[in-house]
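Coordinate analysis (summary)
Read off the chains here:
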Amino acid sequence: MLGRRHAGGIRWASAASLLWALAGAASAQVLAPKVDTVDIPPNVDVFNLSFEQVKAYSSIKNFALVGHSYFKIPERTAWAKGFGRPGGEVGAGFNTVRVYDGIAYLAGHTSPATLYAVVIADVRDPRNIKVLSTIPCNPGTRCNYLRVNRQKKILIVAHDYDARGNPDKPYEGAQTKSGVSFHDVSDPSKPRELAFVPAIPDGKTHGLDADDRYVYACSQNSPELSREGLQIIDYSNPAAAREIGTWHVPGQRKGEQFSPLNRNGPDGKPQVIACHEIVAYNDRLYLAWRDAGMLVLDIKDRTAPRLLATYDYVPPFHGGNLGAAHTSAPVVMRQGEHPDLVIHTDEIFDCPPGFGRILDVSDLKNPEVVRGERPANVELLSTFRVPHVSDVFDAQQRRFICDGGMAGGRSAATTHLPWIDQRSPSLVYVTWYDEGVRVMDISNPFAPTFIGHFLSPRFTAPGRTDRHTRDIFQDPDTGLLHVTDGNGGGLMVLRYTGPIPDRLPIPGGR
């Protein structure tokens, strides 16, 4: 339904067309095609499928499944091993994955609580994946996020407070050791911790990114912070890694007040203002900051980051109990140049559920913006979502109204992580929980098209009824795609077999 302006304001609008009206420009609402999934017979254990069965019970277009492992390793939780769980054991659930030189680094996922550890594995033969070593999360924490410096063979892991879930507890009276750890993985079978840069005890951490010298981490690194801010760590000497810079949204520190846009959601409850994910490129950070939306920081001076632009949409949208923004991924068309576009995803378990946006950030290429002579503009070009989600904005009630099945939000309908193919910046993969992996051609960012999908079997566990496709990473050497499942389905290795766009994306609106 198209949004329409009239004397009384916006009468009725779908979520995407409301954004069109708010932005004052035409933005397309693109729907992913509905995909028929493959039902698994009730007498088949989804956590004990052969490789051929995994293929048979997957829905696939323009992909080939070339490897899979449940990672039924001893380090899983007692629950994952089947103790007290009806139906027997499940595999390991994973969040972040990185693959370099045939070695995969996998961060355990903990919702459901399957694995409180990082796994290092040999994936050179995707049909015969071999575990080399594991690194436990610090007692009382989870470690769902990691990065790897390929050249220096350093693994970087974020440890986040999770004392209620991690069966390995701090000793009585002690607080958790939250923060960022650095490990020498020159021998991946024998990782060795080099340094640890703390957050506050019992503090929160989340996503992070790294270049050859610096780590950019979402971290509650000060007792003055209400939630995660930005922590910049210099690890040029890995054994003496140290914090050198910080940044936060005004209002996060004690004694500060949030701006009106960051105070309350449309329901009147406080927004979730917290750093969630970071992508570093070309002396800039592209940050997904939950209900504060997308932020772009200039970090030429790592000790004094400077805000360049924001794109905030809560309100009118609702971020749910977690907050909205998940990832802001710059689309790099030519190495060394600032991007024109950003693929931005939400993770909203509310009405409406999270969907994706393509944002035009070409205004940030203007030197006047960098000098701060005028505010930068970020424009919405299009949105993408699944077809079975409907939402309508009621101007009188000042809230969105969803169909009965969507009223409480469904993880099946929320986007998660975007990944841009190394062969073409117009080819984008998006992990989408129950909607699996979806592939888009964004050569026309005003009207992206869906050109492929991979929906694994539903590795469902108690407490979840949906597929839990989480993260995706492309091996820079082989081009293979490594996809994690959060429910205990382990790791799937894919080869994309579909068309590769030969045109660069249209460079935004300016």
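Bear in mind the structure is a predicted one, so any value in this text is a computation, not a measurement.

1. Things to note about the pattern of salt bridges
- Counted by the stated rule, this structure contains 27 salt bridges.
- Note that Asp209 and Arg147 form a salt bridge whose closest N and O atoms lie 3.3 Å from each other. Taken as a pair, Asp209 in strand β15 (residues 205-210) and Arg147 in strand β11 (residues 141-149) lie far apart in primary sequence, 62 residues in all. Grouping residues by exposure puts Asp209 and Arg147 together as buried.
- As a salt-bridge pair, Asp421 and Arg423 come within 2.8 Å of each other at their nearest N and O atoms.
- In this structure, a network of salt bridges that share partners links the residues Asp101, Arg150, Lys153 and Asp477.

2. Digging into the sheet that holds strand β33 (residues 469-474)
- Spatially, 4 strands are ordered β6-β35-β34-β33 in an open sheet, and the strand pairing comes out antiparallel. Edge positions in the sheet fall to β6 (63-69) and β33, since each has one partner strand and no second. Direction aside, the axes of adjacent strands within the sheet are offset by 25° on average.
- Where β6 and strand β35 (residues 490-496) come together, 6 bridges link them in antiparallel fashion. Bridged to Ala64 within β35 is Arg495.

3. Here we look at the layout of surface pockets
- Taken as a whole, the largest pocket holds about 1200 Å³ of empty space.
- Lining the largest pocket are 38 residues, and of these Asp209, Val279, Ala280, Trp419 and Phe473 lie nearest its centre.
- Considering only enclosed or pocket space, the second largest pocket measures out at about 750 Å³ in volume.
- Lining the second largest pocket are 29 residues, with Ser111, Arg142, Lys204, His206 and Leu322 positioned closest to its centre.
- Elements represented by at least two residues in the lining of the second largest pocket include exactly β11 and β12 (154-161).
- Per-element accounting of the lining of the second largest pocket gives the leading share, 3 residues, to β11.
- Looking at side-chain class alone, the lining of the second largest pocket contains 8 nonpolar, 10 polar and 11 charged residues.

4. Concerning empty space enclosed by the protein
- Tallied over the full model, the rule gives 1 cavity of 30 Å³ or more.
- Put simply, the largest cavity is a space of about 40 Å³.
- Met333, Arg334, Glu337, His338, Pro339, Asp340 and Lys365 are the residues that line the largest cavity.
- Grouping the amino acids of the lining of the largest cavity by side-chain chemistry returns 2 nonpolar, 1 polar and 4 charged.

5. A word on the side chain of Asn138
- By the element assignment, Asn138 lies in the loop between β10 (130-136) and β11.
- Once residues lying within four places of it in the same chain are set aside, the contact partners of Asn138 are His159, Asn166, Lys177 and Phe196.

6. Concerning the state of the cysteines
- Per the stated rule, a full pass over the model turns up 2 disulfides.
- The side chain of Cys137 participates in a disulfide bridge whose partner is Cys143; the two sulfur atoms lie 2.0 Å from each other. On the S-S bond that ties Cys137 to Cys143, the torsion sits near -75°, and the link is left-handed.
- By relative accessible area, Cys137 is classed as buried at 4%.
- A residue is classified by how much of its surface remains accessible, and Cys143, at 1% relative accessible area, is buried.
- The disulfide partner of Cys218 is Cys275, and the S-S distance across this bridge is 2.0 Å.

7. What to know about the confidence of the model for the chain
- Looking at the chain, pLDDT values average 89 and 89% of them are 70 or higher.
- The low-confidence segment residues 1-26 (pLDDT under 50) makes 54 contacts with residues lying over four places distant or belonging to another chain.

8. Comments concerning the side chain of His453
- Here His453 shows up in strand β32 (residues 449-455).
- For His453, the side chain forms a polar contact with the side chain of Ser59, separated by 3.2 Å.
- Not counting the four nearest positions on each side in its chain, His453 is found in contact with Val35, Ser59, Ile60, Lys61, Phe63, Val437, Arg438 and Val439.

9. Here we look at the sheet that holds strand β25 (residues 356-360)
- Sheet architecture is open: 5 strands sit in the order β4-β26-β25-β24-β23, paired in mixed fashion. One side of each edge strand has no neighbouring strand; the edge strands of this open sheet are β4 (28-31) and β23 (325-331). Ignoring which end each strand starts from, the neighbouring axes of this sheet average 20° apart.
- One ladder, built from 4 bridges, connects β4 with strand β26 (residues 379-385); its direction is parallel. Following the sheet pairing, Gln29 is matched in β26 by Thr383.

10. As for the packing of aromatic side chains
- Tallied over the entire structure, the rule returns 19 aromatic pairs.
- Relative to Phe94, the ring of Phe71 has its centre 5.1 Å away and its plane inclined at 85°; by these criteria the two rings are edge-to-face. Note that Phe71 is positioned in the loop between β6 and β7 (94-100) and Phe94 in strand β7, a separation of 23 residues in sequence.
- Centre to centre, the rings of Tyr429 and Tyr496 are 5.8 Å apart; their planes meet at 80°, and the pair counts as edge-to-face. Of this pair, Tyr429 sits in strand β30 (residues 427-431) while Tyr496 sits in strand β35, and the two are 67 residues apart along the sequence.

Scoring rules and cut-offs
- Residues numbered from 1 in each chain as written.
- Predicted model: local features only at pLDDT ≥ 70, side-chain atom pairs only at ≥ 80, totals over all residues.
- Heavy atoms only, no water.
- Salt bridge = Lys/Arg side-chain N within 4 Å of Asp/Glu carboxyl O.
- Helix = DSSP H or I, 4+ residues; strand = E, 2+ residues; numbered from the N terminus.
- Buried < 20%, exposed > 50% of the residue type's maximum accessible area, 1.4 Å probe, protein only.
- Pairing = 2+ DSSP bridges.
- Axes fitted to C-alpha atoms, helices over the stretch in contact; angles between N-to-C directions.
- 1 Å grid on protein atoms, 1.4 Å probe; cavity = no way out; pocket = protein on both sides within 12 Å on 5 of 7 lines; lining within 4 Å.
- Points joined across faces, edges and corners; volume = space filled by probe spheres on them.
- Nonpolar A, V, L, I, M, F, W, Y, C, P; charged D, E, K, R; others polar.
- Contact = heavy atoms within 4.5 Å.
- Disulfide = S-S within 2.5 Å.
- pLDDT = per-residue confidence, 0-100.
- Polar contact = N/O pair within 3.5 Å; in protein donor to acceptor, adjacent residues only side chain to side chain.
- Phe/Tyr/Trp six-rings, centres within 6.5 Å; stacked < 30°, edge-to-face > 60°.

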